[in-house]
Amino acid sequence: MNLVTLVLLFAPVLLVIVVVRKRAAVSRVRAATVAIEADSDGVRRTLADGRTEGVSWDEVTEVDVFRTRVGPHKPAGGGVVLYGTLERGCIVPLDKLEQSGLLAHIHHLPGIEIATIIRAVSADDDQSAGRSSALELLSPRPLQSTTTCWTRPPDPDG
């Protein structure tokens, strides 16, 4: 096989790899959080591409914490998801948790325990620290884990 044949065989593969990596990088930049704020009304987040997310405290139906090692939230390590209606909700990246003020205002949800959220946020660190044997250290960890921290209690009136 000569050099020209090798170039013709590998050039399309390399081109596909470059395009996929470039597309992923652009996607990460567009999905970056540029502003996030929690207050007595709810939580709002603005993304770099101009999209916005938001949910008021009375709309929140569930709060989950996810830890991830892949995808657009990999740099943040995961996020806190505030589920609302089909059209409303908000993700607070873990690296923006303090900046957002979420933990200072999440008490607006009835019966939520902040300690549960803090345990879920730090769970990934605890799991790796708790691995004692070499086999446990070498065994694969899940790419993502999700913990449900709170679900809105049913309304007794309806």
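Use the structure listed above.
Here's what I pulled together on the structure shown here.

1. Describing the overall build of the chain
Line of reasoning, step 1. A tally of helices and strands in the chain yields five helices and seven strands.
Line of reasoning, step 2. For the chain, the α and β elements follow one another from N to C terminus as α-β-β-β-β-β-β-α-α-α-α-β.
Line of reasoning, step 3. On C-alpha atoms alone, the chain measures out to a radius of gyration of 21 Å, which is more than a quarter above the 15 Å that the 2.2 N^0.38 rule sets for 158 residues.
Line of reasoning, step 4. Seen through its principal axes, the chain has C-alpha atoms that stretch 80 × 45 × 30 Å.
Line of reasoning, step 5. Split into buried and exposed, the 158 residues of the chain put 29% on the buried side.
Line of reasoning, step 6. The contacts in the chain between residues at least 6 apart in sequence include a share of 51% that link residues at least 24 apart.
Line of reasoning, step 7. For the chain, the computed accessible surface area is about 10,300 Å², with 60% contributed by carbon and sulfur atoms.

2. Examining the nonpolar core
Line of reasoning, step 1. Residues Val 63, Leu 82, Leu 102 and Ile 106 are the most contacted members of the largest nonpolar core, which totals 23 residues.
Line of reasoning, step 2. Secondary-structure elements contributing two or more residues to this core are strand S1 (33–38), strand S4 (62–68), strand S5 (78–83), strand S6 (89–93), helix H4 (114–130) and strand S7 (144–151).
Line of reasoning, step 3. Among the elements that line this core, the one with the most residues is H4, at three residues.
Line of reasoning, step 4. Residue contacts for Leu 102: discarding those within four places in its chain leaves Ala 38, Val 43, Trp 57, Val 80, Leu 82, Val 92 and Leu 97.

3. Some points on a nonpolar patch on the surface
Line of reasoning, step 1. A contiguous nonpolar patch, built from Leu 3, Leu 6, Val 7, Leu 9, Phe 10, Val 13, Leu 14 and Ile 17 and spanning about 770 Å² of accessible area, is present on the exposed surface.
Line of reasoning, step 2. Relative to the helices and strands, Val 7 is located in helix H1 (residues 3–30).

4. Considerations on the layout of surface pockets
Line of reasoning, step 1. Approximately 320 Å³ is the volume found for the largest pocket.
Line of reasoning, step 2. Along the wall of the largest pocket there are 16 residues; nearest its centre are Ala 31, Ala 32, Thr 33, Pro 72 and His 73.
Line of reasoning, step 3. A per-class count over the lining of the largest pocket returns eight nonpolar, two polar and six charged.

5. Some details on the pattern of salt bridges
Line of reasoning, step 1. Summed over the entire model, instances satisfying the criterion amount to five salt bridges.
Line of reasoning, step 2. Of the charged contacts in the structure, one is a salt bridge between Asp 39 and Arg 44, with a shortest N-O distance of 2.5 Å.
Line of reasoning, step 3. A salt bridge links Glu 59 to Arg 88, with the shortest nitrogen-to-oxygen separation between them at 2.8 Å. Here Glu 59, found in the loop between strand S3 (52–56) and S4, pairs with Arg 88, found in the loop between S5 and S6; they are 29 residues apart in sequence, far enough to count as distant.
Line of reasoning, step 4. A relative accessible area of 36% means that Arg 88 is categorised as partly exposed.
Line of reasoning, step 5. Via salt bridges that share partners, Glu 37, Asp 39 and Arg 44 belong to a single interconnected network.

6. A short note on the state of the cysteines
Line of reasoning, step 1. One pass over the full model with this rule turns up zero disulfides.
Line of reasoning, step 2. Of all cysteine sulfurs, the one in Cys 149 lies closest to Cys 90, which takes part in no disulfide; the gap is 15 Å.
Line of reasoning, step 3. You can call Cys 90 buried: its relative accessible area is 2%.
Line of reasoning, step 4. Assessed through its relative accessible area of 12%, Cys 149 is described here as buried.

Conventions adopted
- In this convention, every chain numbers its residues from 1, walking through the sequence in written order.
- Reporting in this predicted model follows two pLDDT cut-offs: at least 70 for local features of residues, and 80 or more for side-chain atom pairs to be given and counted; totals over whole chains, interfaces and linings ignore these cut-offs and use all residues.
- Note that the side-chain values use all heavy atoms of the structure and ignore hydrogens as well as water.
- Only runs of H or I of at least four residues qualify as helices and only runs of E of at least two qualify as strands under DSSP, and these elements are numbered from the N terminus.
- Atoms counted for the radius of gyration: C-alpha only. Globule rule: 2.2 Å times the number of residues to the power 0.38.
- Here the term buried applies to any residue with accessible area under 20% of the maximum for its type, exposed to any over 50%, and partly exposed to those in between, with areas from a 1.4 Å probe on protein chains only.
- By the convention used here, residues are in contact when the closest approach between their heavy atoms is within 4.5 Å.
- Exposure was quantified through the Shrake-Rupley algorithm and a 1.4 Å probe, taking into account, for residues, occlusion by the shown protein chains and nothing else.
- For our purposes a nonpolar core is just a set of buried Ala, Val, Leu, Ile, Met, Phe, Trp, Tyr and Cys residues, chained together by side-chain atoms within 4.5 Å.
- Only residues whose relative accessible area exceeds 30% and that form no salt bridge are eligible for patches; like-charged ones are grouped when within 9 Å, while nonpolar side chains (Val, Leu, Ile, Met, Phe, Trp, Tyr) are grouped when within 5 Å.
- Should a side-chain nitrogen of Lys or Arg be within 4 Å of a carboxyl oxygen of Asp or Glu, the pair is scored as a salt bridge.
- A cavity, in this analysis, means grid points on a 1 Å lattice covering only the protein atoms where a 1.4 Å probe fits yet has no way out; a pocket is instead an open set bounded by protein on both sides within 12 Å along at least five of seven lines, and a residue lines either one if it has an atom within 4 Å of a point.
- Grid points are joined across faces, edges and corners, and a volume is the space filled by probe spheres set on the points.
- When residues are sorted by character, Ala, Val, Leu, Ile, Met, Phe, Trp, Tyr, Cys and Pro go into the nonpolar class, Asp, Glu, Lys and Arg into the charged class, and all the rest, Gly among them, into the polar class.
- The disulfide definition used here is simple: a pair of cysteine sulfur atoms within 2.5 Å.

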